[in-house]
Amino acid sequence: MSRKPGRRRMGQNRMLWLLDALERDPRADAAIDVLTRTVRALPLGRARDVLHGRWLGHPLHPLMVQVPIGSWMSAAVLDLWPGRSREAGLLVSVGLAAAGPAALAGAVDWAELHRQQTRVGLVHAVANTAAVGLYGASLLCRLTGRAGAGRACGFFGLTAVGLGGMLGGHLAYRQASGANHVEEVPHVVSDGWHRIGTVEEFPVGRSVRRAVDDVPVLVVRETGGTLHALADRCSHLAGPLSEGTIADGCVRCPWHGSVFRLSDGWNVRGPATAPQPAFDTRVVDGHVEIRLRREHGTERPDEREADEAPARAEEEEGRGRSI
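Just so you know, these numbers come straight off a predicted model, no measurement behind them.

(A) Focus on the sheet that holds strand β10 (residues 287-292). Pairing is antiparallel in the open sheet, where 6 strands are placed in the order β1-β10-β9-β4-β3-β2. Two strands lie at the open edges of the sheet, namely β1 (194-198) and β2 (207-212), each paired on one side alone. On average, each strand axis in the sheet is tilted by 30° relative to the strand beside it, whichever way the strands run. Bridging between β2 and strand β3 (residues 215-221) involves 6 bridges; their strand directions are antiparallel. Paired with A211 across the bridge in β3 is P216.

(B) A look at unusual backbone geometry. The omega torsion across G270 and P271 is 20°, close enough to zero to call that bond cis. Tracing the sequence through the fold places P271 in the loop between β8 (267-269) and β9 (278-284). Phi is positive for A176, close to 55°, though the residue is something other than glycine. Tracing the sequence through the fold places A176 in the loop between α8 (147-174) and α9 (185-188).

(C) Fine view of the pattern of salt bridges. Scanning all chains against the criterion turns up 16 salt bridges. Between R142 and D79 there is a salt bridge; the shortest N-O distance is 2.6 Å. With R142 in helix α7 (residues 115-143) and D79 in helix α5 (residues 66-79), this pair connects stretches of sequence that are 63 residues apart. Like R142, the residue D79 is buried in the burial classification. The partner of E289 in a salt bridge is R282, with the nearest N and O atoms 2.8 Å apart. For E289, a relative accessible area of 8% corresponds to the buried category. Overall, R282 belongs to the partly exposed group, its relative accessible area being 36%.

(D) Geometry of the packing of aromatic side chains. Inspection of the entire model under this criterion finds 1 aromatic pair. Relative to Y135, the ring of W72 lies with its centre 4.3 Å away and its plane at 10°, an arrangement referred to as stacked. In this pair, W72 sits in helix α5 while Y135 sits in helix α7, placing the two residues 63 residues apart along the sequence. Y135 carries the same exposure label as W72, and that label is buried.

(E) Quick look at α5. When the terminal C-alpha atoms of α5 are compared, their 20 Å separation across 14 residues agrees well with the 20 Å that a helix rising 1.5 Å per residue should span. Residues of α5 that are buried: P68, S71, W72, A75, A76 and D79. Down the axis of α5, the buried set is contained in an arc of 140°. They therefore lie on one face.

(F) Looking closely at the sheet that holds strand β5 (residues 245-247). If you trace the 4 strands from one edge of the open sheet to the other, you get β5-β6-β7-β8, paired in antiparallel fashion. Of all the strands in the sheet, just β5 and β8 have a single pairing partner and so form its edges. Between one strand axis and the next, the sheet turns by 30° as a mean value, whatever way the strands run. Looking at chain direction, β5 and strand β6 (residues 250-252) are connected through 3 bridges and run antiparallel. Paired with T245 across the bridge in β6 is R252.

Cut-offs and rules
Just so you know, the residues in each chain are numbered from 1, in the order the chain's sequence is written. At least 70 in pLDDT is required for a residue's local features to be given in this predicted model, at least 80 for side-chain atom pairs to be given and counted, and no such filter applies to totals for whole chains, interfaces and linings, which use all residues. Each side-chain value is worked out from all heavy atoms of the structure, with water and hydrogens disregarded. Following DSSP output, two strands are said to pair if at least two bridges run between them. Only DSSP runs of H or I covering at least 4 residues are called helices, and only runs of E covering at least 2 are called strands; the numbering of each starts at the N terminus. Fitting a line to C-alpha atoms yields each axis, with helices limited to the stretch in contact; the angle taken between N-to-C directions then spans 0 to 180 degrees. Think of a salt bridge as a Lys or Arg side-chain nitrogen and an Asp or Glu carboxyl oxygen that are within 4 Å of each other. Working definition: with a 1.4 Å probe on protein chains only, accessible area under 20% of the residue-type maximum means buried, over 50% means exposed, and in between means partly exposed. Two rings from Phe, Tyr or Trp (for Trp, the six-membered ring) form a pair when their centres sit within 6.5 Å of each other. Planes less than 30 degrees apart are called stacked, planes more than 60 degrees apart edge-to-face, and all others tilted. Any helix carries an expected span of 1.5 Å times its number of residues minus one. Note that the arc is defined by the directions from the helix axis to the C-beta atoms.

From the geometry alone we can't say anything about function, so treat these as descriptive.
Rendered as structure tokens:
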């Protein structure tokens, strides 16, 4: 018997079913398009990359939300403690002051996501906006002497924060919205040189896609003959860099515009917050060979053992002579 559309998958709980349904629901797409264009049009300049967290190496938004969440959680604890309403109000104020910058950082990230992610992200933003409104009402009630109403609004606000946090977790972990999408490359590509074709197969100034150990690789040959090779899938959301634009020694991702330096994979411009894995290149008998450029400490266990074997053998030989 075929499964009816919309029926929950076997073993899937209701919450996951609702979240999956939210990802597929297109009803808010028109609003998402308008909001996305609005956020992208903000005159942020270089501050946009700061808000993305390029300088930090991962998204800034998850770090910034700790201040309002922590403040409001602490306020809720104090609201349960007699005689602490004034201190709780101060914490509510701190959370409200920190919510704006955190929301802006989240918005610039959200505007560069896939459609399914933006659908969840929109509800995440609505929940957090509701929380800000409730905490604003809570602060107003406290300032006007209605402490009981202020506490009630605060607890409702914390509930909204919890819902927003759950959706944010779904975005980050289930949908991998802020993850480094090339983190696994050093763990998949085997050590040593890999032959990927003859020099003639790589036209000057054009991007060519090859694969090493099932990992897609972007290869570009410059006018002087220098060859560059980077992991092809963008670290931001796995966009195909081989379909992007090559200019000024860099490649621009065709999906969301992240720019990477061809010589070493450095992310020159976001939204990508992680660089691209880079490969060393050489030409042997007219054939191009590439080798993953590994930083110290990124070797796989089998490679590390192979590198350490000569040193261990020499050390054991020295012990034998000393006996």
